[in-house]
Amino acid sequence: MSPVTTKKIAVVPGDGIGQEVIPQALKVVRASGAPVGFTEFDWSADRYLRDGSTIPPDGFAMLAREFDAILVGALGDPRVPSNIHAKEILLGMRFQMDLYANVRPVRLLDESLCPLKDARPEDIDFTIIRENTEGVYLDMGGSFKPGTPDEVATQEDINTRKGVERVIRFAFDYARAQGRRRVLMTDKSNVMTYAGGLWQRVFKEVAQGYPEIAPQHMYVDALCLAMVREPRQFEVIGANNLFGDILTDLAAALVGGLGVAASGNIHPGRTSMFEPVHGSAPALAGKNAANPIGAIAAAAMMLAHLGLNPYAQKIEGAILEAVRQKKTTSDVGGSLGTRECAEWIAGQVR
Ligand SMILES: NC(=O)c1ccc[n+]([C@@H]2O[C@H](COP(=O)([O-])OP(=O)(O)OC[C@H]3O[C@@H](n4cnc5c(N)ncnc54)[C@H](O)[C@@H]3O)[C@@H](O)[C@H]2O)c1
């Protein structure tokens, strides 16, 4: 029998409710028996306020070299109005570690969580793949004559052939690996003709390499309408950074809100990062009231990414049961605290 290799996980609980939900996610992973070891880093607003540091100079290289994956809670704190620590740690990971595919599963666990009339779990089960390293998020642009009536502001939308191609290919590979039959690319190529033209051409070219998968297209405004009217038709959706950012929040609202949504920031073959979708929710922090399911689901995604599928499935099954039986926090209809909800899920997993 070959020895089981223990996967090394870097853990960054971060700020606010991140510090509450991440220990609960670790508890559930431990209960699953998954062969993983955790190393915690205190990169956070507390640390920044204490010694002015965000992430050590070789931090990203160290993570890539020494760890198989990273689990992050949330970053952002009102005591640091610039949120410089959050930008350097979180955006730093995405950009400097080149985690170009943001993967956001959108799965309705129970009909009680959906604001749509008569929607059943089988009606909403798709994944959004958001480009994570380009677009309007590169902080390129400028302003001219600021504060005057003649002010001009520009914000550049950067789309590289390499960046577009690799994320579209990721979406098709993801669809293939998950046994999905459709990939939809969304853009606004009718008015954003240069960037949209690139996305259109690359999408058609890449699709030819995946004959078993039907390529589809919708303008992003039409897609918003269709996601609410008839979400059943979607399997995998690929989008640029900005459209993906907006669509994923709309999608989260269809399946129970921020407390249960999880995401992966992935570069295949490299150390990738997993996190709940929510932020640090300062007003909720310290009350044992934050929903731990987003963080637990992110940990399950991480295990699946590391090839530890049986453990991931055990955890996903327990989450489903918790939601069905309302063994949850109040945002998704239960009456448990953060710790009690995670303890219940850990018990199911055990
Ligand atoms: N990935 C991240 O780390 C990330 C993401 C978004 C926001 N932020 C940061 O977090 C801080 C707060 O931002 P925000 O208020 O816009 O977003 P937020 O996600 O922290 O909170 C938005 C709303 O959702 C609720 N909510 C969030 N997570 C929840 C949970 N687990 N259980 C129950 N309810 C939950 C909050 O109470 C709040 O009403 C800011 O500093 C922001 O920059 C960080």
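Heads up: the structure comes first, above all this text.
Here the structure is a predicted model, which is why all the values come from computation and not from measurement. (Residues numbered from 1 in each chain as written. Predicted model: local features only at pLDDT ≥ 70, side-chain atom pairs only at ≥ 80, totals over all residues. Heavy atoms only, no water.)

### Focus: the site of the ligand
Logical step 1: Inspection of the region around the ligand gives 20 residues, with Leu75, Gly279, Ser280, Ala281 and Asn291 positioned closest.
Logical step 2: In the environment of the ligand, a nitrogen atom lies 3.4 Å from a nitrogen or oxygen atom belonging to the side chain of Glu275.
Logical step 3: Between Ala281 and the ligand, the recorded distance is 2.8 Å, taken from a backbone N or O atom to an oxygen atom.
Logical step 4: Surface burial for the ligand is 62%, taken as the share of its 800 Å² of free accessible area covered by protein chains.
Logical step 5: Along the lines of polarity and charge, the residues of the shell around the ligand split into 10 nonpolar, 7 polar and 3 charged. (Near = heavy atom within 4 Å. Polar contact = N/O pair within 3.5 Å; in protein donor to acceptor, adjacent residues only side chain to side chain. Areas by Shrake-Rupley, 256 points an atom, 1.4 Å probe, with all protein chains shown as cover. Nonpolar A, V, L, I, M, F, W, Y, C, P; charged D, E, K, R; others polar.)

### Focus: the sheet that holds strand E10 (residues 236-239)
Logical step 1: Strand order in the open sheet formed by 10 strands is E2-E1-E3-E12-E11-E4-E5-E10-E8-E9, and the pairing between neighbours is mixed. Strands at the two margins of the open sheet, each flanked by one partner only, are strand E2 (36-40) and strand E9 (214-219). Across this sheet, the average inter-strand angle for adjacent strands is 25°, counted without regard to direction.
Logical step 2: Pairing of strand E3 (residues 69-74) with strand E12 (residues 272-276), which is carried by 3 bridges, proceeds in the parallel orientation. By the bridge assignment, Ile70 is partnered in E12 with Met273.
Logical step 3: Packed on one face of the sheet, helix H4 (residues 84-96) meets strand E1 (7-14), E3, strand E11 (262-266) and E12 and runs near 140° to E12.
Logical step 4: Docked against the sheet, helix H7 (residues 220-229) engages strand E5 (125-131), strand E8 (182-187), E9 and E10, running at close to 100° with respect to E9. (Pairing = 2+ DSSP bridges. Helix = DSSP H or I, 4+ residues; strand = E, 2+ residues; numbered from the N terminus. Axes fitted to C-alpha atoms, helices over the stretch in contact; angles between N-to-C directions. Contact = heavy atoms within 4.5 Å.)

### Brief notes about the packing of helix H1 (residues 18-32) against helix H9 (residues 293-305)
Logical step 1: H9 packs onto H1 with a crossing angle of 45° between their chain directions and a minimal axis gap of 8 Å. Judged by the angle between their axes, H1 and H9 are oblique. Judged by the sense of rotation from one axis to the other, the crossing of H1 with H9 is right-handed. Residue-level contacts link Val21, Ile22, Ala25, Val28, Val29 and Ser32 of H1 to Ala295, Ile296, Ala299 and Leu303 of H9.
Logical step 2: Partitioning the contact of H1 with H9 into residue classes produces 9 nonpolar, 1 polar and no charged. (Parallel < 35°, antiparallel > 145°, perpendicular 65-115°, else oblique. Left-handed = near helix turned anticlockwise from the far one by under 90°.)

### Some points on the pattern of salt bridges
Logical step 1: Taken as a whole and assessed by the stated rule, the structure comprises 22 salt bridges.
Logical step 2: Across the salt bridge formed by Asp77 and Arg79, the nearest N and O atoms sit 2.9 Å from each other.
Logical step 3: Asp77 sits in the buried class, given a relative accessible area of 12%.
Logical step 4: Residue Arg182 is joined to Glu235 by a salt bridge in which the shortest nitrogen-to-oxygen separation is 3.5 Å. With a gap of 53 residues between them, Arg182 in strand E8 and Glu235 in the loop between H7 and E10 connect regions that are remote in the sequence.
Logical step 5: Linked through salt bridges whose partners overlap, the residues forming this network are Asp42, Arg47, Arg50 and Asp51. (Salt bridge = Lys/Arg side-chain N within 4 Å of Asp/Glu carboxyl O. Buried < 20%, exposed > 50% of the residue type's maximum accessible area, 1.4 Å probe, protein only.)

### Side note on the nonpolar core
Logical step 1: In terms of nonpolar packing, the biggest core is built from 91 residues, with Ile124 and Ile345 touching the most fellow members.
Logical step 2: Per-element tally for this core: the top contributor is H9, with 10 residues.
Logical step 3: Dropping the residues within four chain positions of it, Ile345 is found in contact with Val28, Ile293, Ile296, Ala318, Ile319 and Ala322.
Logical step 4: Residues Phe41, Trp43, Leu99 and Met273 belong to the second largest nonpolar core, which totals 19 residues. (Core = buried A, V, L, I, M, F, W, Y, C linked by side-chain atoms within 4.5 Å.)

### Some remarks on the side chain of Ser32
Logical step 1: Summarising the element assignment, Ser32 is placed in helix H1.
Logical step 2: Taking relative accessible area as the criterion, Ser32 reaches 3% and is therefore assigned buried.
Logical step 3: Setting aside residues up to four positions removed in sequence, Ser32 forms contacts with Leu303, Tyr311, Lys314, Ile315 and Val349.

### Topic: the packing of aromatic side chains
Logical step 1: All chains considered together, the criterion is met by 7 aromatic pairs.
Logical step 2: Ring centres of Phe41 and Phe67 lie 5.8 Å apart, and the angle between their planes is 80°; on these two criteria the pair is classed as edge-to-face. Taken as a pair, Phe41 in the loop between E2 and helix H2 (45-51) and Phe67 in the loop between helix H3 (59-66) and E3 lie far apart in primary sequence, 26 residues in all. This pair shows no difference in class: Phe41 is buried, exactly as Phe67 is.
Logical step 3: Taking the centre distance of 6.3 Å and the plane angle of 85° together, the rings of Tyr100 and Phe170 count as edge-to-face. Pair noted here: Tyr100 is in the loop between H4 and strand E4 (101-107) and Phe170 is in helix H5 (residues 161-177), with a separation of 70 residues, a long-range link. For the pair formed by Tyr100 and Phe170, the shared burial category is buried.
Logical step 4: Taken together, the ring pairs connect Phe41, Trp43 and Phe67 into an aromatic cluster.
Logical step 5: The cationic tip of Lys8 hangs over the ring face of Phe67; the distance from NZ or CZ to the ring centre is 5.8 Å. (Phe/Tyr/Trp six-rings, centres within 6.5 Å; stacked < 30°, edge-to-face > 60°. Lys NZ or Arg CZ within 6 Å of the ring centre and 35° of its normal.)

Just geometry here; none of it tells us what the structure is for.
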